[in-house]
Amino acid sequence: MLVGYARTSSTEQIAGFEDQQAAFVATGCTRIFKEQISSVAKRDELEAALEFVREGDVLIATRLDRIARSTAHLLSIIGRLEAKQVGLRIIDFGGGEIDTQSPTGRLLITVLGAVAECERALLLDRQRAGIAKAKAEGRYKGRAPTARAKTAEIVRLRSEGHTPAQIAELTGVSKSSAYRILAEAQ
């Protein structure tokens, strides 16, 4: 059985999410596990897919970064799959497919997984350096505070008798932000 695993980091990535699912259908997947969550969060659907697959199945992802967040994580997933005699196939791997059902495929996926992890670390280092430079030059302001911009509305809703939980839901801020703003307003 071919089993697909689709993931995007956020719910705004609709096109990419739909593209992954279409690729699985075209590949012949009969079951697709999907979630829209950060790779560093607890991924229940990935766990469900790893539990679901049986001997002879192939777990398919569109790209390596959709399934694993690091080389160690990738090797852990491959180890779990191999223990169940399940293959892993990446269908968009630099223009071609690659899978773990051959020794060469296992080697390539491991090496290129390490390269991808290294590139991600270098990108984060460059990003941190750019932010530090922008801060030093007074050009970096950080993320705009969204909850504080709604202070007047939050205070007004509280005066109308709404609970902090209701205020959070009505304004789209977290409950902790609503409590903090109300405490500061007193």
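Structural data are supplied above this passage.
Summarised in this report is the structure supplied together with it. (Residues numbered from 1 in each chain as written. Predicted model: local features only at pLDDT ≥ 70, side-chain atom pairs only at ≥ 80, totals over all residues. Heavy atoms only, no water.)

### Comments concerning the overall build of the protein
Reasoning step 1: Scanning the protein from N- to C-terminus turns up eight helices and five strands.
Reasoning step 2: Each helix and strand of the protein, placed in order from N terminus to C terminus, yields the pattern β-α-β-α-β-α-α-β-β-α-α-α-α.
Reasoning step 3: Taking 2.2 N^0.38 as the reference for a compact globule, 186 residues should give roughly 16 Å; the C-alpha atoms of the protein span a radius of gyration of 22 Å, well beyond that estimate.
Reasoning step 4: Per-residue burial over the protein gives 32% buried out of 186 residues.
Reasoning step 5: A separation of at least 24 residues holds for 59% of the contacts in the protein among residues at least 6 apart in sequence. (Helix = DSSP H or I, 4+ residues; strand = E, 2+ residues; numbered from the N terminus. Rg over C-alpha atoms; globule rule 2.2 N^0.38 Å. Buried < 20%, exposed > 50% of the residue type's maximum accessible area, 1.4 Å probe, protein only. Contact = heavy atoms within 4.5 Å.)

### Regarding the pattern of salt bridges
Reasoning step 1: Applying the stated criterion across every chain, the model contains 13 salt bridges.
Reasoning step 2: With its nearest N and O atoms 3.5 Å apart, the salt bridge here joins Glu 51 to Arg 80. Taken together, the residues Glu 51 in helix 2 (residues 44-52) and Arg 80 in helix 4 (residues 71-83) connect sequence positions 29 residues apart.
Reasoning step 3: Classification of Arg 80 as partly exposed rests on a relative accessible area of 31%. (Salt bridge = Lys/Arg side-chain N within 4 Å of Asp/Glu carboxyl O.)

### A closer look at unusual backbone geometry
Reasoning step 1: Phi is positive for Gln 85, which is not a glycine, with a value near 60°.
Reasoning step 2: Its place among the elements puts Gln 85 in the loop between helix 4 and strand 4 (87-93).

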